[in-house]
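Each chain is listed here by its residues.
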Amino acid sequence: LLHFLDLRQLHSNTNENSNNTILKVVPTSPIPGMKPGTSGLRKKVKTWQEKSYLENFVQCIFDSQKESVQGSILVLGGDGRYFNAEAIQTIIKIAAANGISKIWVGKDGLLSTPAVSAIIREKRDIDGRAATLGIVLTASHNPGGPNADFGIKFNNAAGSPATEAQT
C-alpha cells in the first residue's frame, strides 16, 4: 500500500516574491567521512542524527541527479528500523525544496528494497509517468536500534541500485 503526496500545488504557490514562502535555504558544508559505497551509505543511527548529517547526504543525492529531479516522482520507504519515521519526514521536506512533484511513500513508511525497485520500474501515475528516483531506508543485514545501524540507499530511474558514481 502506498501513500501519494502531490507536491505540485506547493510548488505553484511558492515563489521568490511570495510572502508565504515556506522553503528555506540552509547553508551547509561537506562532512568528513561521508563517503557512500555501492548504492548508498550506512552509519550508526547517532551519526545520522548529528546536525545536518541526514540533510547533507539526501541533498547530495538530489544534487547528483539534478537533471532528473525537477518535477520528478520519488519512491520513499524503508524496513521500519529505528529512525525511519524521522528520516522520512526530513526527506519529504528536502524533496519538496528540490522541486520533486510527487512522492510515493510506503504505508507507515514501509517498503522493502525490492518493492522500491519494482515500483520504479512498473508503477505509473495518472499521467502515465514513472518514478525516476528511489530512496530506501535500511542498513540491510546490519542490526537496527538506537545504538545500531541505519542506512540510505538510492535507486536510479531503472529501479536499479545507484552506482558509486551516482552516489
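Everything quoted here is computed from the prediction, not taken from an experiment.

(A) Spatial organisation of the overall build of the protein. The helix and strand inventory of the protein stands at six helices and six strands. For the protein, the sequential pattern of α-helices and β-strands runs β-α-β-α-α-α-β-α-β-α-β-β. Counting all 167 residues of the protein, 46% fall into the buried class. Put simply, 72% of the contacts in the protein that link residues at least 6 apart link residues at least 24 apart. Total accessible area on the protein stands at roughly 8,900 Å², and carbon and sulfur atoms take up 54% of it.

(B) Molecular detail of the environment of Lys46. Structurally, the position occupied by Lys46 is in helix H2 (residues 45-48). Separated by 103 residues in sequence, Lys46 and Asp149 place their C-alpha atoms 8.6 Å apart. Discounting chain neighbours no more than four positions away, the residues touching Lys46 are Pro146 and Asn147.

(C) The side chain of Thr138, seen in detail. Looking at the element boundaries, Thr138 is found in the loop between strand E5 (133-137) and strand E6 (149-155). A distance of 2.7 Å separates a polar atom in the side chain of Thr138 from a polar atom in the side chain of Asp79. Separated by 2.8 Å, the side chain of Thr138 and the backbone nitrogen of Ser140 make a polar contact. With sequence-adjacent residues up to four places away left out, Thr138 is seen in contact with Asp79, Arg81, Thr113, Phe150, Gly151, Ile152 and Lys153.

(D) Representation of the sheet that holds strand E4 (residues 102-110) within the structure. Reading across the sheet, the six strands line up as E1-E4-E3-E5-E6-E2 and stay open at both edges, with mixed pairing between neighbours. In this open sheet, the two edge strands, each paired with only one partner strand, are strand E1 (2-6) and strand E2 (40-44). Pairwise comparison of adjacent strand axes, ignoring direction, gives a mean angle of 15 degrees for this sheet. Relative to E4, E1 runs antiparallel, the two sharing five bridges. Of the residues in E4, the one forming a bridge with His3 is Val105. Helix H3 (residues 53-64) rests against E2, strand E3 (73-78), E5 and E6 of the sheet, and its axis sits at about 15 degrees to E6.

(E) Broad picture of the packing of aromatic side chains. Enumeration according to the criterion identifies four aromatic pairs in this entry. Here Trp48 and Phe150 contribute two aromatic rings whose centre-to-centre distance is 5.9 Å and whose plane-to-plane angle is 80 degrees, an arrangement assigned as edge-to-face. Taken as a pair, Trp48 in helix H2 and Phe150 in strand E6 lie far apart in primary sequence, 102 residues in all. The class for Phe150 is buried, based on a relative accessible area of 0%. Taking 5.1 Å as the distance between ring centres and 80 degrees as the angle between the ring planes, the aromatic pair formed by Phe83 and Phe150 counts as edge-to-face. Here Phe83 is found in the loop between E3 and helix H5 (84-97), whereas its partner Phe150 is found in strand E6, with 67 residues between them in sequence. Summarising the burial analysis for this pair, Phe83 and Phe150 share the class buried. Grouped by ring-pair contacts, the aromatic residues Trp48, Tyr53, Phe57, Phe83 and Phe150 constitute a single cluster. Over the ring of Trp104 we find Lys123, and its NZ or CZ is 5.7 Å from the ring centre.

Conventions adopted
Residues numbered from 1 in each chain as written. Predicted model: local features only at pLDDT ≥ 70, side-chain atom pairs only at ≥ 80, totals over all residues. Heavy atoms only, no water. Helix = DSSP H or I, 4+ residues; strand = E, 2+ residues; numbered from the N terminus. Buried < 20%, exposed > 50% of the residue type's maximum accessible area, 1.4 Å probe, protein only. Contact = heavy atoms within 4.5 Å. Areas by Shrake-Rupley, 256 points an atom, 1.4 Å probe, with all protein chains shown as cover. Polar contact = N/O pair within 3.5 Å; in protein donor to acceptor, adjacent residues only side chain to side chain. Pairing = 2+ DSSP bridges. Axes fitted to C-alpha atoms, helices over the stretch in contact; angles between N-to-C directions. Phe/Tyr/Trp six-rings, centres within 6.5 Å; stacked < 30°, edge-to-face > 60°. Lys NZ or Arg CZ within 6 Å of the ring centre and 35° of its normal.

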